[in-house]
Amino acid sequence: LSRWALSFVAHEQAHVRAAAVEVLGQLPFAVTSLTALRHALRDPSAPVRAGAAEALGHFGPRAKEAAGELAARLGDDDWFVRAAASEALRRVHER
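Before going into details, it helps to say that this report is about the structure given with it. Worth saying up front: this structure is predicted, and the values here are computed from it rather than measured. (Residues numbered from 1 in each chain as written. Predicted model: local features only at pLDDT ≥ 70, side-chain atom pairs only at ≥ 80, totals over all residues. Heavy atoms only, no water.)

What follows concerns the overall build of the protein chain. Check the secondary structure of the protein chain and you find six helices and zero strands. For the protein chain, the α and β elements follow one another from N to C terminus as α-α-α-α-α-α. Radius of gyration (C-alpha) of the protein chain: 12 Å, near the 12 Å computed for a compact globule of 95 residues. Along the first, second and third principal axes, the C-alpha atoms of the protein chain reach 30 × 30 × 15 Å. The buried share among the 95 residues of the protein chain stands at 43%. (Helix = DSSP H or I, 4+ residues; strand = E, 2+ residues; numbered from the N terminus. Rg over C-alpha atoms; globule rule 2.2 N^0.38 Å. Buried < 20%, exposed > 50% of the residue type's maximum accessible area, 1.4 Å probe, protein only.)

Another point: the packing of aromatic side chains. Inspection of the entire model under this criterion finds two aromatic pairs. Taking 5.1 Å as the distance between ring centres and 85° as the angle between the ring planes, the aromatic pair formed by Trp 79 and Phe 80 counts as edge-to-face. Summarising the burial analysis for this pair, Trp 79 and Phe 80 share the class exposed. (Phe/Tyr/Trp six-rings, centres within 6.5 Å; stacked < 30°, edge-to-face > 60°.)

Here it is in C-alpha cells:
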C-alpha cells in the first residue's frame, strides 16, 4: 500500500495527491514516506500541504528531521496548513 500511495504523491490532480499523503500518514513509518511527505509540504495545493503536515505529525518524533520544514509552514498563506504544521510540530517534539 505504501508503494501505491507513494506513486500518487506526484499525481497531476491535487485531490489525488491529498489522498495519497493522508494514506501515507496512516501507514507505519517508512523513510520513503517521510521523504515524500517532506516534499509534499511544498505542494502548490493547500490541502496537500496540510495533509502532509498532519501525516508527519502522525509519525511523531520519528519525523523530527522535518521540523524545519514544518516550522516554515507556520507562515503559510493557508490557515489550515498553519494549524496542521503547528500540531505536527507539537507531536514531533513529544517525548
